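# Analysis of the macromolecular model
Below, each chain spelled out in residue letters.
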Amino acid sequence: MVEMGKFILILYSLILSVTAQTPSPSTYITQADRSRLKGIFTASWPFAELPVAHYSVLGHSLLEKFPKPQEACTIIKSKLDVKSLESLFHASGANKILDCKLSVTGVQQTLEAAIKDEASVQDLYYSVSALKNFGFPVDSAKVSKALTSALKKDDSVLNLGYAFHVASQLQGDMTSFFERIEDAIVQADEVDGKYLQFEGGLTITATIVSGVYRLAEAVKKPPAISGDQAIKLTNYFLSRKFVQTVKGAALLLDMLKILAENKYHIPVAVTVSSNRALSSQNPNVQIQVTNVLGASLGPLTVIADTATRLEDEAVILNKAPFAPVKDDNTHYSLNFLENKPLRGFYKISLTAVPSKPDQRLIGNTGVLIYVKVMTEVGIENIEIGIVDRDQATAAKTTKTEFGKQLSNVLEADYHQKILMKFTLKDKIAGDIMSAHQAFVQLINDKTKQEIVFVAEPDASGTYRFDLDINSKAKEFDYASGKYDLVLVVGDAVIRNPFTWKVGDIILMFPPHPSPSKPRENPYAVKPEIKHMFREQEKRPPAVVSSTFCGLLILPFLLLIILWAKMGVNISNFPFTPSALGFHLGLAAIFGLFTMFWLKWTMFTTLKYLIGLGVVTFLSGHRLLSKLASAKK
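Residues numbered from 1 in each chain as written. Predicted model: local features only at pLDDT ≥ 70, side-chain atom pairs only at ≥ 80, totals over all residues. Heavy atoms only, no water.

In plain terms, the rule: UniProt positions are given in the numbering used here, feature names are shortened, and annotations may be inferred rather than shown by experiment.
Per an unreviewed UniProt entry, the chain carries the name Dolichyl-diphosphooligosaccharide--protein glycosyltransferase subunit 2 and comes from Hadrurus spadix. Under the UniProt heading Subcellular location (unreviewed entry), the entry covering the chain gives this text: "Endoplasmic reticulum membrane". What the UniProt record of the chain gives under Pathway (unreviewed entry) is the line "Protein modification; protein glycosylation."

The following block contains the structure:
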């Protein structure tokens, strides 16, 4: 429990240190990031839409030269709609990069006609940007008047972003628009005290912030963005470097390029490039200091202002310089173990100052990085014994050495207890230590069931394990037998955690008070399921069946007898196909009924009855028609 309390204290200290100040950027656009973003632009080829073409060309050009300029220009020309402001905006943006030699006949008039007091801010953004991209002159006074009118109707934060882009491309006094920067920035949402973003996500945030910096450079005044806000915005943009859309990826790279090159705020990214777990084999803390695109900031003086152990807030070093790594102007190294710090977690506060003063750098002071100092643990004074529960006799303990197993198999029944004690020692510092994890495992030799108990240290640091076999019998399911006695020790700062089989022990538990039935194996083969059909009912005796059959035939015989007595004349029977077909069909149908009675199923009978029924019906209809016509 003591070790758990230390862990909670360290975690609480980490939370306080993070929330106490805005964390500086701890990542940047790596080569792997560049390759992934390039893959997004490459996957959009061939371009299905003009906006995709624009942003793909823009993003690709920010990484390297676009590989297929002529093919791209052909697609852009085919998809250009000279009557659409948005189409002209995207085409002009791609044309400015690729130099496609687009036909601009009538384009200037279309774009200039869109600059009017009734225009929306977005339309003004499309028109002015397209005019600039095509190299046409812009009437700054007219645009400024129209933009002011549009903002009076709708000054949403996105429209303010568009307005900043428009104003950055105009001549004259743009103070009225520059003063709106503060109105826009205060609408940003802060997340976790680390990020700053606008509602709507990456594209809207990038549009607004890039417009702010472009307008600031145009009017040659620093924007109303504090260094702390710039760092939070940067943290947000870097957190979105895994964006998957073409537009988002292009605007992200465009924004990060601004943050790496503008005249007012250049965020410094400090990343730990070495293993944070320090040991005698790995004593150095190595960091990388770059801008957000991973480029060098020039020669720097990097100082570890303080290094504080989180467990007790002890400061172990002050003003320790990081040494530049040879042949690398972005990496710096510090031998952290030179002062022989104790095991534990440490917070290093550092400052990176350029050789030539540069007021643009932000996030380069009070930068916090976290490391941990590892140690090797040894185990001493190991004793294991069996004692009666009533402790009427003194415990007989057996001493052993780490790594060796007991030579004898221990035996204990439910009238006894198992005692075990040991001490953990820091091999480097030489003092007694405690571990976050110290477990005693008892593993059944047959079933492999594991029962785990926690070993707790006392006030002197000695770990003690006391197992009352009778009271813990339920946890073992009263399974007497041979068990492996295993000691497990581990900690976040232990370099050599171990699992050590101390020996074997035979445990005898009392009989199970309510033995359970043997469990069935859920994976065993089940008996075959055989479907049992209902047995046929017993048929009546043959005499009964024959009697009923005779009764059925009796009406037919009676008909023949009556015909004979009445003197039926059949000489007038017409031997025509229809007459023969009708009477033979009837006879066949009676035959079907007979077969159905004897052995056929209903489905077999119906199959034949359909054909016979059709023939009999047609023949009968024709026969009756002839008889009717003969009577007339």
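### Some remarks on the overall build of the chain
Put simply, the rule is: Comment: elements are numbered from the N terminus, with helices defined as DSSP H or I runs of at least four residues and strands as E runs of at least two. Only protein chains enter the accessibility calculation, which uses a 1.4 Å probe; a residue is then buried when its area is under 20% of its type maximum, exposed when over 50%, and partly exposed in between. In this analysis, two residues are considered to be in contact whenever any of their non-hydrogen atoms come within 4.5 Å of each other. For every accessible area listed, the method is Shrake-Rupley and the probe measures 1.4 Å; residues are considered covered only by the protein chains on display.
Helix and strand counts for the chain stand at 17 helices and 24 strands. Taken along its principal axes, the extent of the C-alpha atoms in the chain is 140 × 110 × 45 Å. Going through the 632 residues of the chain one by one, you find that 42% of them count as buried. The long-range fraction of contacts in the chain, counting pairs at least 24 apart against all pairs at least 6 apart in sequence, stands at 70%. Carbon and sulfur atoms form 57% of the exposed surface of the chain, whose accessible area is close to 35,800 Å².

### Overview of the domain arrangement of the chain
Note the cut-off: Domain start and end points were adopted from an automatic or database domain assignment.
Examined at the domain level, the chain breaks down into domain 1 (28-264), domain 2 (269-373), domain 3 (377-507) and domain 4 (577-631). Spacing between the C-alpha centres of domain 1 and domain 3 amounts to 68 Å.

### Section: the pairing of strand S19 (residues 437-444)
Formally: When DSSP finds at least two bridges between two strands, those strands are taken to pair.
With six of its eight residues buried, S19 lies for the most part within the structure. As consecutive antiparallel partners, S19 and strand S20 (residues 450-454) are separated by five residues, and within that stretch Lys 448 has a phi angle of approximately 65°, a positive value.

### Considerations on the packing of helix H12 (residues 202-219) against helix H14 (residues 246-261)
In a pair of packed helices, the angle between the axes and the distance between the axes together describe the arrangement. This is how the line gets drawn: Axis angles are defined between N-to-C directions and span 0 to 180 degrees, where every axis is a line fitted to C-alpha atoms and, for a helix, only to the segment in contact. Under this scheme an angle from 65 to 115 degrees is roughly perpendicular, one under 35 degrees roughly parallel, and one over 145 degrees roughly antiparallel; angles in between are oblique. For any pair of crossing helices, the crossing counts as left-handed if the nearer helix is rotated counterclockwise from the farther one by less than a right angle, and right-handed if it is rotated clockwise. Gly falls in the polar group here, along with every residue not listed as nonpolar (Ala, Val, Leu, Ile, Met, Phe, Trp, Tyr, Cys, Pro) or charged (Asp, Glu, Lys, Arg).
The N-to-C vectors of H12 and H14 enclose an angle of 30°; their axes lie 9 Å apart at closest approach. The pairing of H12 with H14 is recorded here as roughly parallel in orientation. For H12 against H14, the interelement crossing comes out left-handed. The residues of H14 that touch H12, namely those facing Leu 202, Thr 203, Ala 206, Thr 207, Val 209, Ser 210, Tyr 213 and Arg 214, are Lys 247, Gly 248, Leu 251, Leu 252, Asp 254, Met 255, Ile 258 and Leu 259. Tallied by class, the residues present in the contact of H12 with H14 amount to nine nonpolar, four polar and three charged.

### Regarding the packing of aromatic side chains
So the rule is basically this: Two rings belonging to Phe, Tyr or Trp (six-membered ring only in the last case) form a pair when the distance between their centres is within 6.5 Å. Interplanar angles under 30 degrees mark stacking, angles over 60 mark edge-to-face geometry, and anything in between is tilted.
Considering all chains together, one arrives at 18 aromatic pairs under this definition. Judged by centre distance (6.0 Å) and plane angle (45°), the rings of Phe 134 and Phe 136 are tilted. The same class applies to Phe 134 and to Phe 136, which are both buried. Measuring from centroid to centroid gives 5.4 Å for Phe 336 and Tyr 346, while their planes differ by 70°, and the two rings are edge-to-face. With Phe 336 in the loop between strand S10 (331-335) and strand S11 (344-354) and Tyr 346 in strand S11, this pair connects stretches of sequence that are ten residues apart. Each residue in the set Phe 453, Phe 465, Phe 476, Tyr 483 and Phe 509 is aromatic and connected to the rest through ring pairs, giving one cluster.

### Quick look at the UniProt feature "transmembrane region" (unreviewed entry) in the chain
Cross-referencing UniProt, the feature "transmembrane region" (unreviewed entry) maps to residues 542-563, 575-600 and 606-624 in the present numbering. Helix makes up 100% of residues 542-563 and strand 0%, and the two end C-alpha atoms of the span are 32 Å apart. Each end of residues 575-600 is marked by a C-alpha atom, and these two atoms are 32 Å apart; helix forms 85% of the span and strand 0%.

### Focus on the sheet that holds S10
One open sheet accounts for four strands, arranged S4-S6-S10-S9; its pairing is antiparallel. At either margin of the open sheet sits one strand with a lone partner, and together these are strand S4 (269-272) and strand S9 (323-324).

### Observations regarding the sheet that holds strand S13 (residues 367-373)
Taken together, five strands build an open sheet; the order of strands is S5-S13-S11-S7-S8 and the sheet is mixed. In this open sheet, the two strands that pair with only one neighbour each are strand S5 (277-278) and strand S8 (314-321). With nine bridges connecting them, strand S7 (residues 300-309) and S11 associate as antiparallel partners. By the bridge assignment, Ile 303 is partnered in S11 with Thr 351.

### Re the confidence of the model for the chain
The predicted coordinates should not be examined in detail at positions where pLDDT is low. Stated precisely, the cut-off is as follows: Scored from 0 to 100, pLDDT records how confident the predictor is in each individual residue.
Considering every residue of the chain, the mean pLDDT works out to 90; 95% of them sit at 70 or more. In this model, residues 1-20 is a region of pLDDT below 50 whose contacts with residues beyond four sequence positions or in other chains number 22 contacts.

### Some details on the pattern of salt bridges
Rules: What makes a salt bridge here is a side-chain nitrogen of Lys or Arg within 4 Å of a carboxyl oxygen of Asp or Glu, nothing more.
By the definition in use, this model includes 26 salt bridges. Here Arg 495 makes a salt bridge to Glu 376, at a shortest N to O gap of 2.9 Å. With a gap of 119 residues between them, Arg 495 in the loop between strand S23 (481-490) and strand S24 (498-508) and Glu 376 in the loop between S13 and strand S14 (377-388) connect regions that are remote in the sequence. Among the ionic contacts, a cluster of salt bridges with common partners joins Lys 482, Asp 484, Lys 501 and Asp 504.

### A few points about H12
Note the following rule: Helices are assigned an expected span. That span is 1.5 Å times one less than the residue count.
Helix length check: H12, at 18 residues, gives a terminal C-alpha distance of 26 Å against a target of 26 Å (1.5 Å per residue), a fit within 8%. For H12, a buried count of 13 out of 18 residues is recorded, marking the element as mostly surrounded by other parts of the structure.

### Examining helix H13 (residues 227-239)
The end-to-end C-alpha distance of H13, which contains 13 residues, comes to 18 Å, matching closely the 18 Å that a straight helix rising 1.5 Å per residue would cover. Those residues of H13 that sit buried are Ala 230, Ile 231, Lys 232, Leu 233, Thr 234, Asn 235, Tyr 236, Phe 237 and Leu 238. Those residues of H13 hidden inside the fold are in contact with strand S1 (189-191), strand S2 (195-197), H12, H14, strand S3 (266-267) and strand S12 (361-362).

### Observations concerning the side chain of Ser 92
The cut-off we apply is this: Polar contacts here mean pairs of N or O atoms no more than 3.5 Å apart (in protein, one a potential hydrogen donor and the other a potential acceptor; neighbouring residues in sequence count only if both atoms are side-chain atoms).
Here Ser 92 is to be found in helix H5 (residues 85-98). Polar contacts involving the side chain of Ser 92 include one to the side chain of Asn 133, which spans 3.1 Å. Beyond its immediate chain neighbours, meaning those up to four positions away, Ser 92 contacts Ser 129, Ala 130, Asn 133 and Phe 134.

### Points about the state of the cysteines
Where we set the bar: In this description, a disulfide is simply a cysteine sulfur pair whose atoms lie within 2.5 Å.
Going through the model one piece at a time under the given rule, you end up with one disulfide. With a sulfur-sulfur separation of 2.0 Å, Cys 73 is cross-linked through a disulfide to Cys 100. Across the S-S bond of Cys 73 and Cys 100 the torsion is about -75°, and the bridge reads as left-handed. Of the two residues, Cys 73 is situated in helix H4 (residues 69-79) and Cys 100 in the loop between H5 and helix H6 (107-113); the sequence distance between them amounts to 27 residues. With a relative accessible area of 4%, Cys 100 lands in the buried category.

### Comments concerning unusual backbone geometry
Cis geometry is found at the peptide bond from Trp 45 to Pro 46, where omega equals -5°. Residue position: Pro 46 is located in the loop between helix H2 (31-43) and helix H3 (50-63). Look at Glu 313: it is not a glycine, yet its phi comes out positive at around 60°. Inspection of the secondary structure puts Glu 313 in the loop between S7 and S8.

### With respect to the pairing of S23
Here S23 lies mainly inside the structure; nine of its ten residues are buried. Pairing of S19 with S23 involves eight bridges; the strand directions are antiparallel. Looking across to S23, one finds that Ala 438 is bridged to Val 489. Across nine bridges, the pairing between S23 and S24 is antiparallel. Counterpart to Leu 487 in the pairing with S24 is Trp 500.

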